[in-house]
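An overview of the molecular structure
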Amino acid sequence: MTIQPSRSSASTARGTALVTGATSGLGAEFAHQLASGGYNIVLVARDLARLEAVAADLRSRYGVTAEVLKADLTNVDERAIVEQRLHSADAPISYLVNNAGYGLAQEFESNSIDDEERMLEILATVPLRLSHAVLGGMLSRGSGTVLTVASIAAGAPLGLYSAAKTWPLSFSRWANAQYRHRGLTFTAVAPGFVRTEFHARLGIERADMAPKWMWLDASFVVRSALRSAARGRAVSVPSVRYKLIWALMKVTQPLIMVFVARASRAASANGS
Ligand SMILES: NC(=O)c1ccc[n+]([C@@H]2O[C@H](COP(=O)([O-])OP(=O)(O)OC[C@H]3O[C@@H](n4cnc5c(N)ncnc54)[C@H](OP(=O)(O)O)[C@@H]3O)[C@@H](O)[C@H]2O)c1
């Protein structure tokens, strides 16, 4: 099943996709590409005005239905509304995209433990809970797709963000093997640097983060992720350059740790 751009009406939709973090970056792009492939969409994020704007755009461009769920997914009560929507048997969700997420600007020891825990929650607990909420219905219908956004950062142990991003990879590898024969697929996508609002939210200039050649467009990443999910792959690493980097990270992990230890010692010696 390949997602092809096409116009479709809500009555002929191929199912309903729920996308978290749908107000910007990869999430908004997932919503557009899935809607253009004929899915009705449920959009989840915290900013109601932006959610409504994306929903209106999807309706007018692709003729699909677009529901809006305003929820901070780290808030238990607000997340429960999203879990409830995923449980619905009357309006079933056939495609879940666990995408919402962010990083933290400071080093581990400088962040409050509550901030670190909230980041772990949005990157691991939230996809865990939402995947579990949608699973029963998908199993009873014998079909469904769960796509979770990980990161190339999971390829090396570099702080809590990278540790948290290993969760979707390990989970998707297992769940894809476990449920594939029952008609479900689980895919983790591990992108490198993508031009989204992610870095601006951290207060980081893109140019300071990585050279130009390392930046990918959200549209390319999403197209590649949807293709991998349609092929039933457990892991998707968009672009040849990042496939090479991913392979290199695996074999050079001990060296990366030596580099981290040296850099940390040097920073301590300089008093920073
Ligand atoms: N950009 C990159 O280089 C890159 C690389 C690898 C992986 N990723 C991953 O890609 C995913 C999407 O990030 P992005 O790059 O597209 O960044 P982005 O443009 O900043 O989008 C993040 C989205 O998550 C939503 N969000 C954040 N916290 C939320 C919360 N507590 N509850 C509900 N929604 C929340 C935001 O919406 P509201 O503010 O409206 O809630 C926004 O829609 C993340 O999981 C990120 O870790 C990004």
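The structure this text deals with has already been given above.
Residues numbered from 1 in each chain as written. Predicted model: local features only at pLDDT ≥ 70, side-chain atom pairs only at ≥ 80, totals over all residues. Heavy atoms only, no water.

Description of the packing of helix α1 (residues 25–36) against helix α8 (residues 218–230)
At a minimum axis distance of 9 Å, the contact between α1 and α8 shows a crossing angle of 60°. Accordingly, the angle class assigned to the pair α1 and α8 is oblique. Helix-helix and strand crossings are classified by hand; for α1 and α8 the assignment is right-handed. In this structure, α1 uses Gly 25, Leu 26, Glu 29, Phe 30, Gln 33 and Leu 34 to contact α8, whose residues at the interface are Ala 218, Ser 219, Val 221, Val 222, Arg 223, Ala 225 and Leu 226. Per-class residue counts for the contact of α1 with α8 are eight nonpolar, three polar and two charged. (Axes fitted to C-alpha atoms, helices over the stretch in contact; angles between N-to-C directions. Helix = DSSP H or I, 4+ residues; strand = E, 2+ residues; numbered from the N terminus. Parallel < 35°, antiparallel > 145°, perpendicular 65-115°, else oblique. Left-handed = near helix turned anticlockwise from the far one by under 90°. Contact = heavy atoms within 4.5 Å. Nonpolar A, V, L, I, M, F, W, Y, C, P; charged D, E, K, R; others polar.)

Some remarks on the nonpolar core
Core analysis: the largest hydrophobic core is formed by 48 residues, its most contacted members being Phe 30, Leu 34, Ile 41, Leu 43, Leu 58 and Tyr 95. Tallying contributions element by element places α8 first for this core, with six residues. If we ignore the near neighbours within four places in the chain, the residues touching Tyr 95 are Thr 16, Ala 17, Leu 18, Leu 34, Tyr 39, Met 138, Thr 145, Leu 147, Leu 226 and Ala 229. (Core = buried A, V, L, I, M, F, W, Y, C linked by side-chain atoms within 4.5 Å. Buried < 20%, exposed > 50% of the residue type's maximum accessible area, 1.4 Å probe, protein only.)

Considerations on α1
Counted at 1.5 Å a residue, the expected span for α1 with its 12 residues is 16 Å, and the 17 Å between its end C-alpha atoms agrees. Most of α1 sits inside the fold, with 10 of its 12 residues counted as buried. Here α1 has its buried residues at Leu 26, Gly 27, Ala 28, Phe 30, Ala 31, His 32, Gln 33, Leu 34, Ala 35 and Ser 36. Check the buried side of α1 and you find it contacts β1 (16–20), β2 (40–45), α2 (48–62), β4 (95–98), β5 (144–149) and α8. (Expected span 1.5 Å × (residues − 1).)

A few points about the packing of aromatic side chains
Inspection of every chain in the model, using the stated rule, returns eight aromatic pairs. Between Phe 171 and Phe 186, the ring centres sit 5.8 Å apart and the planes meet at 85°, which makes this aromatic pair edge-to-face. Of this pair, Phe 171 sits in helix α5 (residues 159–179) while Phe 186 sits in strand β6 (residues 184–189), and the two are 15 residues apart along the sequence. Taking the relative accessible area as the measure of exposure, Phe 186 reaches 2% and is therefore buried. Relative to Phe 186, the ring of Tyr 179 has its centre 5.9 Å away and its plane inclined at 40°; by these criteria the two rings are tilted. The pair Tyr 179 / Phe 186 is uniform in exposure class, with both members buried. Three or more aromatic residues joined by ring pairs make a cluster, and in this case those are Trp 167, Phe 171, Trp 174, Tyr 179 and Phe 186. (Phe/Tyr/Trp six-rings, centres within 6.5 Å; stacked < 30°, edge-to-face > 60°.)

Examining the site of the ligand
In the vicinity of the ligand lie 31 residues, with Thr 23, Arg 46, Tyr 161, Thr 196 and Arg 201 positioned nearest. One of the backbone N or O atoms of Leu 73 is found 3.0 Å from a nitrogen atom in the ligand. In this structure, an oxygen atom belonging to the ligand sits 3.4 Å away from a main-chain N or O atom of Phe 198. When the ligand sits alone it has 890 Å² of accessible area, and the protein chains cover 97% of it. Of all the elements in the fold, those that place two or more residues in the shell around the ligand are α1, α5 and α6 (198–201). Of the residues forming the shell around the ligand, the biggest block, three residues, is contributed by α6. (Near = heavy atom within 4 Å. Polar contact = N/O pair within 3.5 Å; in protein donor to acceptor, adjacent residues only side chain to side chain. Areas by Shrake-Rupley, 256 points an atom, 1.4 Å probe, with all protein chains shown as cover.)

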